[in-house]
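Fold and geometry: a report
The residues making up each chain are set out below.
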Amino acid sequence: MQYDYLVVGAGLYGAVFAHEAKKQGKSVLVIDKRGHIAGNVYTEKVEGINFHKYGAHIFHTNNTEVWNYITQFATFNRFTNSPVANYKGELYSLPFNMYTFNKMWGVVTPEEAAAKIEEQKKEIKGEPQNLEEQAISLVGRDIYEKLIKGYTEKQWGRDCKELPSFIIKRLPVRLTFDNNYFNALYQGIPVGGYTKMVANMLEGIEVRLNEDYFDKKAEYDAMAKKIIYTGPIDAYFDYKLGALEYRSVRFENEVLDTPNFQGNAAVNYTDRETPYTRIIEHKWFEFGKDENGNDLPKTIISKEYSSEWKLGDEPYYPVNDDKNGALYAEYKKLAESEANVVFGGRLGEYKYYDMDGVIAAALDFCKKELA
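Residues numbered from 1 in each chain as written. Predicted model: local features only at pLDDT ≥ 70, side-chain atom pairs only at ≥ 80, totals over all residues. Heavy atoms only, no water.

**A short note on the sheet that holds strand 10 (residues 224-229)**
On the basis of which strands lie adjacent, the open sheet formed by five strands has the order 9-2-1-10-16 and parallel pairing. With one partner strand each, in any of the chains shown, strand 9 (206-208) and strand 16 (341-343) form the two edges of the open sheet. Sheet twist, expressed as the average angle between the axes of neighbouring strands with direction ignored, equals 20 degrees. Pairing analysis gives three bridges linking strand 10 to strand 16, with the strands arranged parallel. Note that in strand 16 the partner of I227 across the bridge is V341. (Pairing = 2+ DSSP bridges. Helix = DSSP H or I, 4+ residues; strand = E, 2+ residues; numbered from the N terminus. Axes fitted to C-alpha atoms, helices over the stretch in contact; angles between N-to-C directions.)

**A look at the sheet that holds strand 15 (residues 317-318)**
Spatially, 7-6-12-13-14-11-15 is the arrangement adopted by the seven strands of the open sheet, whose pairing is mixed. At either end of the open sheet lies a strand with only one pairing partner, and these are strand 7 (90-93) and strand 15. Strand direction decides the pairing type here: strand 6 (residues 84-87) and strand 12 (residues 266-269), joined by three bridges, are parallel. By the bridge assignment, A85 is partnered in strand 12 with N268.

**Some details on the packing of aromatic side chains**
Counted under the stated rule, the structure contains 30 aromatic pairs. Pairwise contacts between aromatic rings join Y213, F214, Y229, Y236, F237, Y331 and F343 into one cluster. Geometry around F287 places R78 over its ring, the cationic atom sitting 4.6 Å from the centre. The ring of W284 has K283 lying over it, and the distance from NZ or CZ to the ring centre is 5.6 Å. (Phe/Tyr/Trp six-rings, centres within 6.5 Å; stacked < 30°, edge-to-face > 60°. Lys NZ or Arg CZ within 6 Å of the ring centre and 35° of its normal.)

**Thoughts on helix 6 (residues 141-156)**
An α-helical segment advances 3.6 residues per turn. Residues three or four places apart therefore align on the same side. Largest kink in helix 6: about 45 degrees, centred on I148. Here helix 6 has its buried residues at I143, Y144, L147, I148, G150, Y151, T152, E153, K154 and W156. Positive backbone phi, at 65 degrees, marks G157, one or two positions downstream of helix 6. (Bend = angle between axes of the 7 residues up to and from the residue. Buried < 20%, exposed > 50% of the residue type's maximum accessible area, 1.4 Å probe, protein only.)

**Here's the deal with the packing of helix 3 (residues 98-105) against helix 4 (residues 110-121)**
The interhelical angle for the contact between helix 3 and helix 4, taken along N-to-C directions, is 70 degrees, at an axis separation of 10 Å. Comparing the axis directions of helix 3 and helix 4 gives the class roughly perpendicular. Judged by the sense of rotation from one axis to the other, the crossing of helix 3 with helix 4 is left-handed. Contacts from M98, F101 and W105 in helix 3 reach P110, A113, K116, I117 and Q120 in helix 4. Taken together, the residues of the contact of helix 3 with helix 4 sort by class into six nonpolar, one polar and one charged. (Parallel < 35°, antiparallel > 145°, perpendicular 65-115°, else oblique. Left-handed = near helix turned anticlockwise from the far one by under 90°. Contact = heavy atoms within 4.5 Å. Nonpolar A, V, L, I, M, F, W, Y, C, P; charged D, E, K, R; others polar.)

Bear in mind that shape data such as this cannot, by itself, settle questions of function.
Next comes the structure, spelled out in structure tokens:
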């Protein structure tokens, strides 16, 4: 059969495009090399808990168009992301707010907290040249040393002095007692999990799983007038200019015979010595309840270990430094010469996207492509 579109990858970008194309009467085939839909937002039921297999995904956006769009496919709960930082057994509020400053310095008023930060910022003269200087210029040396340095170095596998300052420019710092990590108008987790939401997006569309596009590329290319490719851009070109770099994440998952392990969805371990960056306790994304509002007797935790990506690993975060930016620019030129292929999403565009950004980008493309 000849299709109007072949969508490679059943993650958010592919699912949005496939849904919109079908709505316009186009024939669409979606393939994915994994055995499931939903890409990295995939959730599966374990012990009655919606388990985030590829790490925590918390939906948040200020984009009303995106919110109205995605809520067609799921009802979102009122989950608010309020992570806790554990530095050698001392617990601090994230984002940095008055609870953090009170615990760190004993200050009580916003004025005292601001004065303490101002005093500590003075050591940075001029424009911050790296992540360390940027962080100290935002929150001072004490918070940097305890709550940023170790965590960031584990996450990126590089010294903070070697990392670009822009990585941390959006760090939320608040002189209030607001514990909501995101400055987002809309926030929550889809009730029933992300997989159910993506299944609703792909309803009535042909989906083939465990299908690696590159195993049968010529055959697949012949099946459609146009290809929407959401895999790694360098893989598409067989890495002929070299591999783009990513950070990857490894998870150690445990089902525990206890109703409550840490009392919070996310606890970040910010010292350098603890090998994992954080522990996720999945049940708290849905307040410890099942769909019927019953308490769940067990819990699932995931310890996250950040690692340097190598071929065969799951790519998570693009390494947006000058070297990789230049290499991506070369691949982008090659991509633009592929007449019937569109490269989209986090891997196709080698871009760190939040979920709402992926959906917004896919909708923008749909407006141009399907007009």
